[in-house]
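Report on the structure
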Amino acid sequence: MDEKYDVIVLGTGLTECILSGLLSVDGKKVLHMDRNDYYGGDSASLNLTQLYRKFRPNEEVPTKLGKDRDYNIDLIPKFIIASGELTKMLVHTEVTRYLEFKQIAGSFVYRDGRISKVPSTEMEAVKSPLMGLFEKRRAKKFFEFLQNWKEDDPATHQGLDLDVDSMKTVYEKFGLEPGTQDFIGHAMALYLDDDYITKPARPSYDRIVLYTSSMTRYGKSPYIYPLYGLGELPQSFARLSAIYGGTYMLDKPIDEIITDDNGKFVGVRSGNETVRADKVIGDPSYFGAGKDSDSGKVRVIEEGKVIRAICFLNHTIPGTDDSDSCQIIIPQNQVGRRNDIYIAMVSSTHNVCAKDVYVAIVSTIVETKNPEAEIEPGLKLLGPVFDKFVSVSPLYIPTSTGEADNIFITRSYDATSHFETVVDEVNNVWKRVTGHELELKPRKEEDQARIGE
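Residue positions within a chain follow its written sequence, with the count starting from 1. Confidence filtering applies because this is a predicted model: local features only for residues at pLDDT of at least 70, side-chain atom pairs given and counted only at 80 or more, and all residues used for totals across whole chains, interfaces and linings. The side-chain values count all of the structure's non-hydrogen atoms but skip hydrogen atoms and water molecules.

Turning our attention to empty space enclosed by the protein. Think of a 1 Å grid over the protein atoms and nothing else: a 1.4 Å probe that fits but is trapped marks a cavity, an open set flanked by protein within 12 Å on at least five of seven lines marks a pocket, and residues with an atom within 4 Å of a point count as lining. Grid points are joined across faces, edges and corners, and a volume is the space filled by probe spheres set on the points. Evaluation of the coordinates by the stated rule reveals 4 cavities of 30 Å³ or more. Empty space within the largest cavity amounts to approximately 70 Å³. Taken together, Asn72, Ile73, Asp74, Pro77, Phe79, Tyr225, Ala344, Val346, Val352, Val359 and Ile361 make up the full set of residues lining the largest cavity. Throughout this entry, Asp, Glu, Lys and Arg are counted as charged residues, while Ala, Val, Leu, Ile, Met, Phe, Trp, Tyr, Cys and Pro are counted as nonpolar. The remaining residues, Gly among them, count as polar. Taken together, the residues that form the lining of the largest cavity break down as 9 nonpolar, 1 polar and 1 charged.

Any Phe, Tyr or Trp ring, taking Trp's six-membered ring, that has another such ring centre within 6.5 Å forms a pair; planes under 30 degrees apart are called stacked, those over 60 apart edge-to-face, and the others tilted. By the definition in use, this model includes 15 aromatic pairs. Aromatic pair Tyr211 and Tyr223: ring centres 6.5 Å apart, planes at 85°, arrangement edge-to-face. Taken together, the residues span a long stretch of sequence, with Tyr211 in helix α8 (residues 202–218) and Tyr223 in strand β9 (residues 223–226) at a distance of 12 residues. There is no split in this pair, since Tyr211 and Tyr223 are both buried. Cluster of aromatic residues (ring-pair linked, three or more members): Phe142, Phe143, Phe145, Trp149, Tyr171, Phe174 and Tyr205. Each helix is a run of H or I in the DSSP string that is no shorter than four residues. Each strand is a run of E no shorter than two, and both are numbered from the N terminus. Think of it in three bands: residues with accessible area under 20% of the maximum for their type are buried, residues over 50% are exposed, and the middle band is partly exposed, with areas taken using a 1.4 Å probe on protein chains only.

The next subject is the pattern of salt bridges. For this document, the term salt bridge refers to a Lys or Arg side-chain nitrogen within 4 Å of an Asp or Glu carboxyl oxygen. Scanning the model with the defined rule gives 22 salt bridges in all. One salt bridge connects Arg97 with Glu94, and the closest N-O pair in it is separated by 3.4 Å. The exposure class assigned to Arg97 is partly exposed, which follows from its relative accessible area of 49%. Close ionic contact of Glu256 with Arg269 constitutes a salt bridge, the shortest N to O distance being 3.0 Å. With Glu256 in strand β11 (residues 256–259) and Arg269 in strand β12 (residues 265–270), this residue pair connects regions lying 13 residues apart in the sequence.

See below:
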C-alpha cells in the first residue's frame, strides 16, 4: 500500500459512494475503504442474519420469517422523489443501468385520527376527505395558483412575491385552514417542523411543485424505490467508481487517521499498512463519533437523535387501500410534537422480504427521554407487529469545513423521508473538496461505452 492517492474515502454510505463515483469520473485517483464487510455503512440494507446479529446477537432468527436471502432490510428508510435531484444524478451518471426501480404505491397523511391520501392536484383536492366543501374550493384555488405561476408574468402572481412574502402570507391569501396548511407543509413540501411558515415562500413553492411533478410522473405516489433495497444505491455508485479506476477495500479496519505537525491529513493506517493521499472524505464514525474519546472533529447537533423502529408485519397497514408499499406522515400538530413522525413501508414486491411479510419503519427526531413512547402514534397505525428492532442514532455534523486540514467529514443521515438532503450534502462536500460547484457534464462517447461494459 505504498501508492499515493488523490482522495481516500472512508465508509460506504450513500453520500460517500456518490462522492467516490463522481470524483473517479472527474479523473481523481480514489481509494475507498470500509471497516464493514458490506456496502452502505449506516444506510446499508441487511439480510435477516445481519439484522439479528446487529440488534440481538444472542438470538436465533425465527424460521417463520423465511429464507435469509429474501431479505434486504434498510437501516435508514428513505424514498427517492421521482423528479428529484437524486433521480437526476442517477440518470446523468447512468448508474440507473445497475438498478431497477418500482413505484411506491401510496402517499398518505394522518389527520384527525385517520389516514388519508395526500391530494396533490386541484382535482384530488376536490375529492379529498381531508377538507370540507368550502375549504376544498380554497385549496383548489391554491393549487391552481401554484400550477399557473409564471416567473415573467406578474398577472399570475396575484400580488405575491415568493422571495419576500412568507408561506404564512400565501396560506392566508387563500384562506387555508391550519389542518390544510399541515398536510401541504408536511406531506407535500416535506418539512420536518413548522419553521418554514415564517420564511420566504420560494423554497416551499419549489418543494410543492417538485412533489406534484413527481406525482404526475407515475400516478400513485411521487416516490420510487430500488429493487433489493437502498443498499443497491451505494453499490451502484461504487461500481461507477471502479469503472473509472477507483479501488475498493471492504472489511478493512481503520486504525489511525494520520496528520502532520500542522494537523493536516497525510494518510490512513490499517494494521501495519499505511496509505497516503492528499485528502480524506469520511462519515462521522471514522472521526470520533460514537466513541468516548472526543476528537473535536464532529459534534452532535441540537435535538440530535433519530429513533427508528423496523417492524415486521404479516399484513398491509390498515387504511392504506391495501397498498403493498406506502409513506405515511403524521404531522407534529396532530400528536402534540415539534417534529413529524414518518412511516415507510415496503414489501416482497420490492424484493426486500419474504412473500406475505411487510417491513414498516417508523422514525422521528427524539424530543424526550423516552424515545419509544414518541413513535407510539406511528406504531399504533401499523396493527399487530410480528417483530420490532429499535435504534436511537445521534446526528453528527463536522465542526469545520475541512479545507484547513483536508479532512472532509459528511453529516449523519437526517430524519427526512427522502434523499434530497443527501444530494445537498454531496454538493456541499464536493465544493469543499474541489473548490468549485458540482456540474453534471455530459460525458464523452468512449466514457459512455465504458459504463455499458
